[in-house]
Amino acid sequence: GHAAQGGSAAMPQPLKTVADMPLLPESALPAGQPLQALKVLNSSSANKMAATLTAAAHEVELVPGKKTSMWLYNGQVPGPLIEAFEGDEVEIRFVNQLAQASTIHWHGMPVPPEQDGNPHDAVPAGGEHMYRFKLPKNCAGTYWYHPHPHGDTPEQVYRGLAGLFIVRSKTDPLAGFSEQHWVISDLKLAADASIPDNTANDWMNGREGQFALVNGQREPVITIAGRQRVRVWNACSARYLRLAIPGQKITVVGSDGGLLEKPRVVEELLLVPGQRAELIVGDGSSAKTTLKALVYNREKMGKVAPEVERVLATLQFTAGPTPKVPATLRKIADFGRAVAMKKVEFSETMSMDNGVHSMAFLINGKSYDMNRNDLVSKVNDVEVWEVFNNSHMDHPFHIHGTQFMLLDSELNGKRQDAPYRALQDTINLRPYEKVRLKMVQHDKGLRMFHCHILEHEGQGMMAQVLIK
Ligand code: C2O
Ligand code: CU
Ligand code: CU
């Protein structure tokens, strides 16, 4: 049911004044261990994906000799990997053992709105909910899941709640490649190894901890045998990842919503919070290099430390099978002629009252209200969404329930057609950038769209479209 909850924050909110705490040095977390594979969620049924996800607080020893209290799905860092095939039935029983309401949102997946963990459908503390959906045709891709209660999403994610979901196709042109999974997440640890609350700066710029982890590990050693397919998730609250592998080119074969039409060979790849990519890495040599996050320098406000380049992992290439990457991966059909248009504008305002900074992150001039439908669309209508970032910060736009394609973008008066076709559910907008996205919603109901810097979303940079 739709639990009535406060959700309206029309006025700028005073920034919470949690002081910056002393943090652990980066060296406190052990590094250099072999990368651990994600733990797969086993199905209890032979003919569908049926399992339980329990969200609960756990004491974890991340720093030797110290306890960190985290909120986890099934006690795992990162959360379990769910794997299913197109056409599969999925039944996930969610047990909420947190002390607050939560939901599970299936980021990027075409699940019906009432199964998609909307903030309206919060599962109370101590409650349970069965999520049930059938994966449609042609939805193979790299997805993830995380909580989506209004206001508490940032905290639930930075305390550890996020997991992975891969939908596979029975006719996958890359099925011959062995696969690896790299989930990049952010972690902030105070000097006593506890996870501190968001500071005023975190609420403004989005939270970035001192650690960027791969599969929950600091600077793991990743062995790439021959040529492998790698799925990468940016599961960070706010960290932009400009990924590079010094000395190697990266072959990108997939985006959020599955394969590209053709492989793209690049020197670096920007993954913003919420985005995923599929890569082909390795050449069978025995080179040793690193996976790096280069400086992106997104626009921030206030006094913030300059970004630094970081090593996310050591990469060790070894001999192994080197299957060929097909020149054509699939055809992404155009959705057809657009019959409607929507306008979305991101903005932020900052004011100072009695020495207290107030900040508002807005969509179309408003802060999120779960009782207000911001836009109305018709089911199966092809639409063009013109999204304009009328602000001086970067904001990643994300919409639920569908995959869009970028048509063109405009920045500083320069218009550019999308250089290739790809299915995405999350896209970055530079300050004052405008993008045009083509999309279709195939289910009736409410869909959220928001900035995927979770602190911005949590403060109201979110809106909803009613599909009729
Ligand atoms: Cu990954 Cu509405 O979010
Ligand atoms: Cu989502
Ligand atoms: Cu934002």
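These figures come from a predicted structure and were not determined experimentally.

**Some thoughts on the overall build of the protein chain**
Helix and strand counts for the protein chain stand at three helices and 31 strands. Relative to the globule expectation of 23 Å for 468 residues, the C-alpha radius of gyration of the protein chain, 21 Å, shows essentially globular dimensions. Expressed as a percentage of the 468 residues in the protein chain, the buried residues total 46%.

**Focus: the domain arrangement of the protein chain**
When cut into domains, the protein chain gives domain 1 (13-168), domain 2 (179-318) and domain 3 (340-467). The straight-line distance from the C-alpha centre of domain 1 to that of domain 2 is 19 Å. Each side of the interface is counted separately: domain 1 has 42 residues, and domain 2 has 41 residues. Listing elements by their share of the side of domain 1 that touches domain 2, those giving two or more residues are β3 (68-73), β8 (141-146), α1 (153-158) and β9 (163-168).

**Quick notes on the sheet that holds strand β13 (residues 228-234)**
In space, the six strands of this open sheet follow the order β11-β10-β13-β18-β15-β16, with mixed pairing throughout. Edge strands, defined here as strands with exactly one partner in the open sheet, are β11 (211-214) and β16 (258-266). Across the sheet, the axes of successive neighbouring strands diverge by a mean angle of 25°, strand direction being ignored. As judged from the four bridges shared by strand β10 (residues 179-187) and β11, these two strands associate in the antiparallel manner. Bridge pairing links L187 to F211 in β11.

**Some remarks on the sheet that holds β3**
On the basis of which strands lie adjacent, the open sheet formed by four strands has the order β3-β2-β5-β7 and mixed pairing. Where the open sheet ends on each side, the last strands, each with one partner, are β3 and β7 (128-134). For this sheet the average axis-to-axis angle between neighbouring strands, irrespective of direction, equals 15°. Relative to β7, strand β5 (residues 89-96) runs antiparallel, the two being bridged by seven bridges. Looking at the pairing, E89 lines up with K134 of β7.

**As for the pairing of strand β19 (residues 288-294)**
Inspection of the sheet shows strand β14 (residues 241-244) paired to β19 by three bridges, in the antiparallel sense. Paired with R242 across the strands is L294, a residue of β19. Of the strand pairs in this sheet, β19 and strand β20 (residues 310-318) are connected by six bridges, and their pairing is antiparallel. Bridge assignment links K288 to a residue of β20, and that residue is Q316.

**Here's the deal with unusual backbone geometry**
In this structure, the amide linkage connecting V77 to the following residue, P78, adopts the cis form with an omega of -15°. Even without a glycine there, the phi angle at N74 is positive, about 50°. For N74, the location among the structural elements is in the loop between β3 and β4 (81-85).

**Describing the confidence of the model for the protein chain**
Residues at a pLDDT of 70 or more form 96% of the protein chain, whose mean pLDDT is 94. Predicted complex metrics record ipTM = 0.99 and pTM = 0.95.

**Some points on the environment of K434**
Following the sequence through the fold, K434 ends up in strand β29 (residues 434-440). For K434, a count of 18 C-beta atoms within 10 Å translates into the label partly exposed. Expressed as a C-alpha distance, the spacing of K434 and N412, which sit 22 residues apart in the sequence, is 9.6 Å. Those residues in contact with K434 that sit more than four places away from it in its chain are E386, V387, F388, S409 and E410.

**So, the environment of K414**
For K414, the position within the fold is in strand β27 (residues 414-417). On the basis of neighbour counts, which here come to 7 C-beta atoms within 10 Å, the residue K414 falls in the exposed class. Here the alpha-carbon distance between K414 and D202, two residues 212 residues apart in the chain, equals 32 Å.

**A few points about the nonpolar core**
Judged by nonpolar contacts, the single largest core of 108 residues is most densely connected at W144, L164, F165, V183, I184, V232 and L279. Among residues more than four places away in sequence, those in contact with V183 are L38, P78, L164, V214, N215, W233 and A235.

**A look at the environment of K134**
Looking at the secondary structure, you find K134 in strand β7. Remark: the alpha-carbon pair of K134 and G87, spanning 47 residues in sequence, is separated by 6.3 Å.

About the thresholds
Residues numbered from 1 in each chain as written. Chains lettered and ligands numbered in written order. Predicted model: local features only at pLDDT ≥ 70, side-chain atom pairs only at ≥ 80, totals over all residues. Helix = DSSP H or I, 4+ residues; strand = E, 2+ residues; numbered from the N terminus. Rg over C-alpha atoms; globule rule 2.2 N^0.38 Å. Buried ≥ 20, exposed ≤ 12 C-beta atoms within 10 Å, placed from the backbone. Domains from an automatic or database assignment. Contact = placed C-beta atoms within 7 Å. Pairing = 2+ DSSP bridges. Axes fitted to C-alpha atoms, helices over the stretch in contact; angles between N-to-C directions. pLDDT = per-residue confidence, 0-100. Core = buried A, V, L, I, M, F, W, Y, C linked by C-beta atoms within 7 Å.

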